[in-house]
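One letter stands for each residue in the lines below.
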Amino acid sequence: MSSAAQSSAQSSAPQPSESNQAPGGSAPGLTYQPHVDICDCGAEVLIRADVPGARPEGIDVSYEDGVLSVKAVVPARTLPGRSLREEYGVGDYRRSFRLGEGFDAAQIAAEYRHGLLTIRVPRLAAVRPRKIAVHTA
Amino acid sequence: MPTFRAGFAHPLDELRDEFDRLWTSLTTAPPLHGWGPEQPTAAFPAVNIAETDDCLTIEAELPGLDVGDIDISATGEELLLKGSRPASLSESSRSGLPEGSEGSRSSSVPEGSDGNGSAEPRGVTWHRRERGSREFERRITLPATIDPSGVEARLVDGVLTVTCPKAAEAQPHRVSVHSA
């Protein structure tokens with residue numbers, strides 16, 4: 001099943017938009033869609049998302065009905081003193097992707113390092129592309 | 001007085017306020033850090049700067065970069081941020097992405113302008129390539145003279161924070177008033 005080929009991003013929130021359920025302690029009500037790279041490697045689909053400022057414990061990755069959802073709570077951080085320049089905003093991240101069927105939900109793995117979240121979604125062995133060798137008689 | 005009308009209008013006022021708030025947040029919210037696929041139009045990387053009486057703090061979001069990817073130098077009036085973020089694929093090899101050896105599909109997404117197409121392993125299809133990879137160099141003119149030897153930088157969860165103590169002459173200094 002090559003369903004991931006049509007992995008359409010479901011925009012969970014306009015960018016940026018008001019978050020109506022920002023948990024306490026997070027940045028004041030902004031939610032951004034993180035930039036992502038999505039790569040289909042055959043045996044697995046690899047997703048990388050930039051979520052700088054998130055703590056590992058504030059990241060939530062879930063997969064349900066073929067939709068992979070990523071949420072990352074970014075703790076509010078204010079620079080000491082008075083602000084002289086504000087070129088970017090700080091907020092939570094939220095985005096979801098429709099991957100389709102044929103993935104092994106139990107084997108989804110996520111890793112977080114230096115503000116970069118890497119998620120590996122392996123295909124079920126039965127639906128992995130397979131090359132069949134042709135033998136001569 | 002028109003208590004009925006006031007009571008009737010109340011929920012609509014709330015709704016209007018809610019829309020105003022939403023609209024304001026959509027139109028005035030600061031942009032994301034700028035690591036998108038397109039070349040940045042403004043100075044890059046984007047920074048937030050704040051000051052206290054004795055120090056300046058400069059913050060930038062550099063997701064995916066390690067300490068060794070960033071080079072910071074400071075003079076009394078200027079801070080220079082240099083670095084580069086490797087393309088997604090070289091990150092893959094760093095983190096042990098298995099080579100996509102199964103199947104023979106070639107990349108269906110045209111390569112971006114980052115020129116790393118030659119390293120593309122076979123059988124890998126990109127569905128999204130939004131995370132830009134680029135080199136950057138930004139010279140920030142500081143609003144106060146700093147002591148370059150006291151500059152400290154920390155990189156935590158992809159957020160770089162540079163603390164620059166102000167030079168003694170740039171710090172506000174208290175003048176005591178004597179009575180005659």
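Residues numbered from 1 in each chain as written. Chains lettered and ligands numbered in written order. Predicted model: local features only at pLDDT ≥ 70, side-chain atom pairs only at ≥ 80, totals over all residues.

1. Examining the overall build of chain A
For chain A, the count of helices and strands is zero helices and 11 strands. Mapped from its N terminus to its C terminus, chain A presents α and β elements in the order β-β-β-β-β-β-β-β-β-β-β. When the 137 residues of chain A are sorted by exposure, 39% land in the buried category. A fraction of 61% describes how many contacts in chain A between residues 6 or more apart in sequence connect residues 24 or more apart. (Helix = DSSP H or I, 4+ residues; strand = E, 2+ residues; numbered from the N terminus. Buried ≥ 20, exposed ≤ 12 C-beta atoms within 10 Å, placed from the backbone. Contact = placed C-beta atoms within 7 Å.)

2. Some thoughts on the interface of chain A and chain B
In this complex, chain A contributes 45 residues to the contact, which on the side of chain B involves 45 residues. Grouping the amino acids of the side of chain A that touches chain B by side-chain chemistry returns 20 nonpolar, 12 polar and 13 charged. Across four bridges, the pairing between strand E8 (residues 82-86) of chain A and strand E1 (residues 47-51) of chain B is antiparallel. Across the sheet, residue Arg 82 of chain A finds its bridge partner in E1 of chain B, namely Glu 51 of chain B. (Nonpolar A, V, L, I, M, F, W, Y, C, P; charged D, E, K, R; others polar. Pairing = 2+ DSSP bridges.)

3. Observations concerning unusual backbone geometry
Between Phe 44 of chain B and the following residue, Pro 45 of chain B, the backbone shows a cis peptide bond with an omega angle of 0°. Relative to the assigned elements, Pro 45 of chain B resides in the loop between helix H1 (3-28) and E1. Phi at Asp 65 of chain A takes a positive value of approximately 50°, unusual for a residue other than glycine. Along the chain, the position of Asp 65 of chain A falls in the loop between strand E6 (59-64) and strand E7 (67-72). A positive phi is found at Asp 157 of chain B, a non-glycine position, where the angle reads about 55°. Mapped onto the elements, Asp 157 of chain B comes out in the loop between strand E7 (152-156) and strand E8 (159-165).

4. What about the pairing of strand E10 (residues 109-113) of chain A?
Looking along a regular strand, one sees side chains alternate from face to face of the sheet. All names here are of chain A. In this sheet, strand E11 (residues 116-122) lies alongside E10 in antiparallel orientation, the contact comprising five bridges. What sits directly across from Tyr 112, in E11, is Leu 117. Taking the residues between adjacent antiparallel strands as the criterion, E10 and E11 are bridged by two residues, where His 114 takes a positive phi near 55°.

5. Focus: the sheet that holds E10 of chain A
Reading across the sheet, the five strands line up as E10(A)-E11(A)-E5(A)-E4(A)-E5(B) and stay open at both edges, with antiparallel pairing between neighbours. Either end of the sheet is taken by a strand with one partner, and the two such strands are E10 of chain A together with strand E5 (125-129) of chain B. Direction aside, neighbouring strands of the sheet carry axes that sit 10° apart on average. (Axes fitted to C-alpha atoms, helices over the stretch in contact; angles between N-to-C directions.)

6. Remarks on the sheet that holds strand E2 (residues 55-61) of chain B
Spatially, five strands are ordered E8(A)-E1(B)-E2(B)-E8(B)-E7(B) in an open sheet, and the strand pairing comes out antiparallel. Every other strand in the sheet has two partners, leaving E8 of chain A together with E7 of chain B as the edge strands with one partner each. Sheet twist, expressed as the mean angle between neighbouring strand axes with direction ignored, is 15°.

7. Description of the pairing of strand E4 (residues 78-84) of chain B
The side-chain alternation of E4 of chain B yields one buried face, formed by Leu 79, Leu 81 and Gly 83 of chain B, and one unburied face, formed by Glu 78, Leu 80, Lys 82 and Ser 84 of chain B. Linking two consecutive strands that pair antiparallel, namely strand E3 (residues 70-74) of chain B and E4 of chain B, is a turn of three residues.

8. Notes on the environment of Ala 49 of chain A
All names here are of chain A. Here Ala 49 is to be found in strand E5 (residues 44-50). Sequence separation of Ala 49 and Ala 106 is 57 residues, and the distance between their C-alpha atoms is 21 Å. In this structure Ala 49 touches Pro 34, Val 36, Val 70 and Leu 117, once residues within four positions along its chain are discounted.

9. Some points on the confidence of the model for chain B
For chain B, per-residue confidence averages 77 on the pLDDT scale, and residues scoring 70 or more make up 74% of the total. Reported for the predicted complex are a pTM of 0.71 and an ipTM of 0.75. (pLDDT = per-residue confidence, 0-100.)

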